[in-house]
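Here are the chains, one letter per residue:
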Amino acid sequence: MNLILLALLTACALGLVTSQDKTRKLFAELEGEQESARKLDVEWGQLQLEQSTWAMHARVEKVARERLHMSVPDAKHTQVVMSAKGVQQ
Amino acid sequence: MNYSASPVLALQLPLWRSRMLLVLIAAGFLVLAGRAVYLQGMRNDFLQQKGESRYSRVLEISATRGKITDRHGEALAISTPVKSVWAIPEEVQFSTQQRSKLAALLEMPPKEIDRRLNDSTSFVYLKRQIPPEIAERVSELHIPGLFQNGEYRRYYPGGEVMAQVLGFTGADDVGQDGIELAFQSTLAGKSGSRRVIKDRMGQIVEDTESIRAAQDGRDLTLALDAKLQNLAFSQLKLAVDANKAKAGAIVVLDAKTGEVLALANLPTYNPNNRSRLSGAQLRNRVITDTFEPGSTLKPFTVALAIDEGRVTPNTKIATAGGSMTIGHATIHDAHRFDDMTVAQVIQRSSNVGAAKIALSLPAEDMWDMFDKVGFGTAPRLHFPGAAGGRLRPYKSWRPIEQATMAYGHGISVSLLQLARAYTIFADDGELMPPSLLRVDAPVTGKQVIAPATARKLRDMLELAVQPGGTAPRARIVGYRVAGKTGTAHKEENGGYAKNKYVASFVGLAPASAPRLVIAVMIDEPSAGQYYGGAVAAPVFSAVMGGALRMLGVPPDAPLEPLTLPPDGSEIKEDV
């Protein structure tokens, strides 16, 4: 009887050790993923910033005017087309 | 060998020696037991805490400040993490080679590093707010005594274009001006903390408790339209430069909702590099500065007179002679016409006409009108320093004051208040609440004048921009425009400065169904021209034309090129 209990106890103890080990490993993994999520978040912010800087209207307009030689058409060169609802889009 | 035969055993020792030993051992056990009870029982908490501190740590979880975006989600202000490099100079040891590498990474001369390290012995910042990649390479140098900590830095991609609206944050990421200050509590995040267990390698192995969850700041969506803002800013800049003006301001309101679609100020500054800032650059003139508006106020007096049924647009006002005397003061018109109709008073901006109409009205009603359209009280914008302007109680008005107020003297307003007041003409008599944040729900205004009156005023304001009015330069190809010029002497030391003017224009378009209200103010134009119709109206025309095209508003007038009158031939108002 005592021997059986002893075996049971040993098994339980080993089980506890294994599960604790697994928890820690999984936790480390979770931690790593969270860290990379944070890093990606930071990168996203920086990319957004970069996008806004490149897409700034002042810059777009300058490029359009100077490099692509574009300009706003004047009234003589404008034709207004109304859609069926009378709203131009 | 017979042990029992040992002579030692045969020795008869005194009994007290064994007793003594027993007592000593027992006493030893007692001391041990006592100590155990003391440690386990009485000092348990303290020791447990000490033990925990060996492996458990409380970590700060930093929270990011919210973004500010325009109405279409384009980022106008973003926080991104940066590092600051600091040192304990006493502990710093590096080779010459390491020093030059560090200097190259921090982009500062090696001598500057030495100077900073000699400044203090305990703590010195070498460089604040450097990008994380560079910080990484600095830490790879493994210089003892050199440390880094994380900070956030706020970037404004729009730069000077909308500096005064957004404001800026300090080094500690706290709003100091503009929207950043006004909505600090919304934008700021709350940093959290959690308790973890670390192993001897410094790796986190277990999360024991979350003390406080980090809360990132909320994003803020402004009413501003970045594209429109840029258009307004660039046109204003052209006009301020061309007229050698001291300052300028423009505000674009959505007539249907009262949202501020664009708001630009000059002079301005770059919020990403705030060295050498002056007060003039920081001012948000549209919201926080007031000025005497001049003739742009005439439509309100006329609207009141029409609303009360005292006049119609065709009533003749005796303005012949071009001057009138009240007490000791005389009011002049720049041009002498015959008697004018009420509509012509607006079209040609007659001071005498406006004064005569004002004097036919009770002072209380006039005050009530000005009060209802929001003059004299700061608009509820949640913007720091929003000005209310000056509107004195009607009981203290003298007749001459009532007369001059009709054409915008003796009263002061901010440009935003003026633009907002014009929504009553754009929205069939409804006054819209101004908003810096995007408004998604439909807005209901406050009815100030009858819809019919508003439409009559709109017709009169349309005459003002036709040839024969004061602002033919405000016209736009393809759209009907309604608006009013203003030119006023600047107030200085309690009187009016002789050669300093404020030129303004407020208008709305398309006149058949107004979508936008734009107010322009040019402060001290000094390149010859100073009339609102010559200085401010062209800015209005350029911005309104571009804005209506961007918004896809269908034209309500034929697309024929406009013929402008020769320079300086338009009707000028007296100032």
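Parameters and conventions
Residues numbered from 1 in each chain as written. Chains lettered and ligands numbered in written order. Predicted model: local features only at pLDDT ≥ 70, side-chain atom pairs only at ≥ 80, totals over all residues. Helix = DSSP H or I, 4+ residues; strand = E, 2+ residues; numbered from the N terminus. Rg over C-alpha atoms; globule rule 2.2 N^0.38 Å. Buried ≥ 20, exposed ≤ 12 C-beta atoms within 10 Å, placed from the backbone. Domains from an automatic or database assignment. Contact = placed C-beta atoms within 7 Å. Nonpolar A, V, L, I, M, F, W, Y, C, P; charged D, E, K, R; others polar. Pairing = 2+ DSSP bridges. Axes fitted to C-alpha atoms, helices over the stretch in contact; angles between N-to-C directions. Arc of directions from axis to C-beta. Core = buried A, V, L, I, M, F, W, Y, C linked by C-beta atoms within 7 Å. Parallel < 35°, antiparallel > 145°, perpendicular 65-115°, else oblique. Left-handed = near helix turned anticlockwise from the far one by under 90°.

## Re the overall build of chain A
So, step 1. In terms of regular secondary structure, chain A is built from two helices and zero strands.
So, step 2. Computed over the C-alpha atoms, the radius of gyration of chain A is 33 Å, more than 25% above the 12 Å expected from 2.2 N^0.38 for a compact globule of 89 residues.
So, step 3. Taken over the C-alpha atoms alone, chain A extends approximately 105 × 35 × 15 Å along its principal axes.
So, step 4. Counting only residues that meet the buried cut, chain A has 1% of its 89 residues in that class.

## What to know about the domain arrangement of chain B
Residues and elements named next belong to chain B.
So, step 1. Segmenting chain B into domains produces domain 1 (56-88 + 154-222) and domain 2 (226-551).
So, step 2. Contacts between domain 1 and domain 2 engage 23 residues on the former and 22 residues on the latter.
So, step 3. Each residue belonging to the side of domain 1 that touches domain 2 can be placed in one class, and the counts come to 13 nonpolar, five polar and five charged.

## Focus: the sheet that holds strand β21 (residues 516-523) of chain B
Residue and element names in this part refer to chain B.
So, step 1. Pairing is antiparallel in the open sheet, where five strands are placed in the order β10-β9-β21-β20-β19. The sheet is open, and its two edges are formed by β10 (260-266) and β19 (482-492), each paired on a single side. Averaged over neighbouring strand pairs, the angle between their axes works out to 10 degrees when direction is ignored.
So, step 2. Across six bridges, strand β9 (residues 247-254) lies against β10 in antiparallel orientation. Note that in β10 the partner of Gly248 across the bridge is Leu266.
So, step 3. Set on the sheet, helix α10 (residues 226-242) makes contact with β9, β10 and β21; between it and β10 the angle comes to about 30 degrees.
So, step 4. Lying on the sheet, helix α22 (residues 537-551) is in contact with β9, β19, β20 (495-509) and β21; it crosses β21 at an angle near 150 degrees.

## Some points on helix α16 (residues 363-372) of chain B
All names here are of chain B.
So, step 1. Among all positions of α16, only Met366, Trp367, Met369 and Phe370 are buried. On an axial view of α16, the arc spanned by its buried residues comes to 160 degrees, and they lie on one face.
So, step 2. Where α16 ends, the next residue or the one after it, Gly374, has phi of about 100 degrees, a positive value.

## Remarks on the interface of chain B and chain A
So, step 1. Every contact between the two is made by 25 residues of chain B and, on the other side, 23 residues of chain A.
So, step 2. Sorting the residues of the side of chain B that touches chain A by element identifies β3 (75-87), β7 (204-212) and α10 of chain B as the ones contributing at least two each.
So, step 3. Grouping the constituent residues of the side of chain B that touches chain A by class yields 14 nonpolar, six polar and five charged.

## Regarding the nonpolar core
Residue and element names in this part refer to chain B.
So, step 1. Membership of the largest hydrophobic core comes to 137 residues, with the highest contact counts inside it found for Ile250, Val251, Val252, Leu516 and Val543.
So, step 2. Mapped onto the domain boundaries, this core takes at least three residues apiece from domain 1 (56-88 + 154-222) and domain 2 (226-551).
So, step 3. Non-local contacts of Val251, meaning those with residues more than four positions away in its chain, are made with Val260, Leu263, Val286, Leu415, Leu416, Ala419 and Ala519.

## Overview of the packing of helix α13 (residues 298-307) of chain B against helix α15 (residues 351-359) of chain B
Residues and elements named next belong to chain B.
So, step 1. The geometry of α13 relative to α15 is characterised by a closest axis approach of 10 Å and an angle of 40 degrees between their N-to-C directions. Considering their axes alone, α13 and α15 lie oblique with respect to each other. Considering how the two elements wind past one another, α13 and α15 form a crossing that is left-handed. Contacts between α13 and α15 involve Lys298, Thr301, Val302 and Ala305 from the former and Ala354, Ile357 and Ala358 from the latter.
So, step 2. The residue inventory of the contact of α13 with α15, partitioned by class, reads five nonpolar, one polar and one charged.

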